[in-house]
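Now for the letters of each chain:
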Amino acid sequence: VIIQVIKADGSLVATALNAATLALLDAGIQMKSLPIATTCLVPSNGDTTKEFQFDPTAEEESSNEYSAIVLATDSVRDGVIASITFGAFQLDSFLSCVEGAKRASKAVVAFMRIAIEQKVN
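Just so it is clear, the structure is predicted and the values come from calculations on it, not from any experiment.

Procedures and definitions
Residues numbered from 1 in each chain as written. Predicted model: local features only at pLDDT ≥ 70, side-chain atom pairs only at ≥ 80, totals over all residues. Heavy atoms only, no water. Helix = DSSP H or I, 4+ residues; strand = E, 2+ residues; numbered from the N terminus. Buried < 20%, exposed > 50% of the residue type's maximum accessible area, 1.4 Å probe, protein only. Contact = heavy atoms within 4.5 Å. Pairing = 2+ DSSP bridges. Phe/Tyr/Trp six-rings, centres within 6.5 Å; stacked < 30°, edge-to-face > 60°. Disulfide = S-S within 2.5 Å. Salt bridge = Lys/Arg side-chain N within 4 Å of Asp/Glu carboxyl O. Core = buried A, V, L, I, M, F, W, Y, C linked by side-chain atoms within 4.5 Å.

A. The arrangement of the side chain of D74 in detail. Tracing the backbone shows D74 in strand β3 (residues 66-74). What makes D74 buried here is its relative accessible area of 6%. For D74, the residues in contact, after removing those within four places along its chain, are S33, L34, G79 and I81.

Okay, structure coming up:
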């Protein structure tokens, strides 16, 4: 699978991973699991007044106030497959991102299901 980025407006790694997964599904490639990627921004200095952000824009990702965590979760086995992190953060922030990514992956899988069903019909 080759992914060419024409224009990026944030969450590039997660979007590319999800596009590759959708391409494999569309091609009928059999997979044992369905990896879904999510980007989460966490306050980099442990600031509790700032909230976590999912699916950030490029401008939000470039902010020095946040650190980025990209998680690939297995929507079948409900676990983390891989993570890519940028910046410093606390362990509890990482674990909160894992929980949020698990919930977000369910919505992405539902969207993928609708897209594939519409193509088949």
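B. Region of the structure containing the sheet that holds strand β4 (residues 79-86). Across the sheet, which stays open at both edges, the four strands sit in the order β2-β1-β3-β4 with antiparallel pairing between neighbours. Bordering the open sheet on either side are β2 (53-54) and β4, each of which pairs with just one other strand. Two elements, strand β1 (residues 35-43) and β3, share nine bridges in a ladder whose sense is antiparallel. If you follow V42 over to β3, its bridge partner there is S67.

C. Up close: the packing of aromatic side chains. A complete count under the given rule lists one aromatic pair for this structure. With centroids separated by 6.2 Å and ring planes inclined at 15°, the aromatic side chains of F89 and F94 adopt a geometry described as stacked. Note on F89: relative accessible area 25%, which makes it partly exposed.

D. Focus on the state of the cysteines. Applying the stated criterion to the full structure yields one disulfide. Put simply, C40 and C97 are joined by a disulfide, and their sulfur atoms are 2.3 Å apart. Note on the C40 and C97 pair: the S-S dihedral is about -55°, so by sign convention the disulfide is left-handed. Of this pair, C40 sits in strand β1 while C97 sits in helix α3 (residues 91-120), placing them 57 residues apart in sequence. This pair shows no difference in class: C40 is buried, exactly as C97 is.

E. The arrangement of the pattern of salt bridges in detail. This model, assessed by the stated rule, comprises two salt bridges. Across the pair K119 and D26 runs a salt bridge whose closest N-O atoms are separated by 2.7 Å. Of this pair, K119 sits in helix α3 while D26 sits in helix α1 (residues 12-26), and the two are 93 residues apart along the sequence. Residue class for K119 comes out exposed when judged on its relative accessible area of 56%. With a closest N to O distance of 3.8 Å, E99 and K102 form a salt bridge. Here the residue E99 and the residue K102 both occupy positions in helix α3, the gap between them amounting to three residues, near one helical turn. Residue E99 is classed as partly exposed on the basis of its relative accessible area, which comes to 41%.

F. Quick peek at the nonpolar core. Counting residues in each nonpolar core, the largest one holds eight residues, listed as C40, V42, I69, L71, F94, C97, V98 and A101. Only β1, β3 and α3 provide two or more residues apiece to this core. Of all the elements, α3 adds the most residues to this core, at four residues. Among all residues touching I69, those that are not within four sequence positions of it are T38, T39, C40, V42, I84, T85, F89, F94 and C97.

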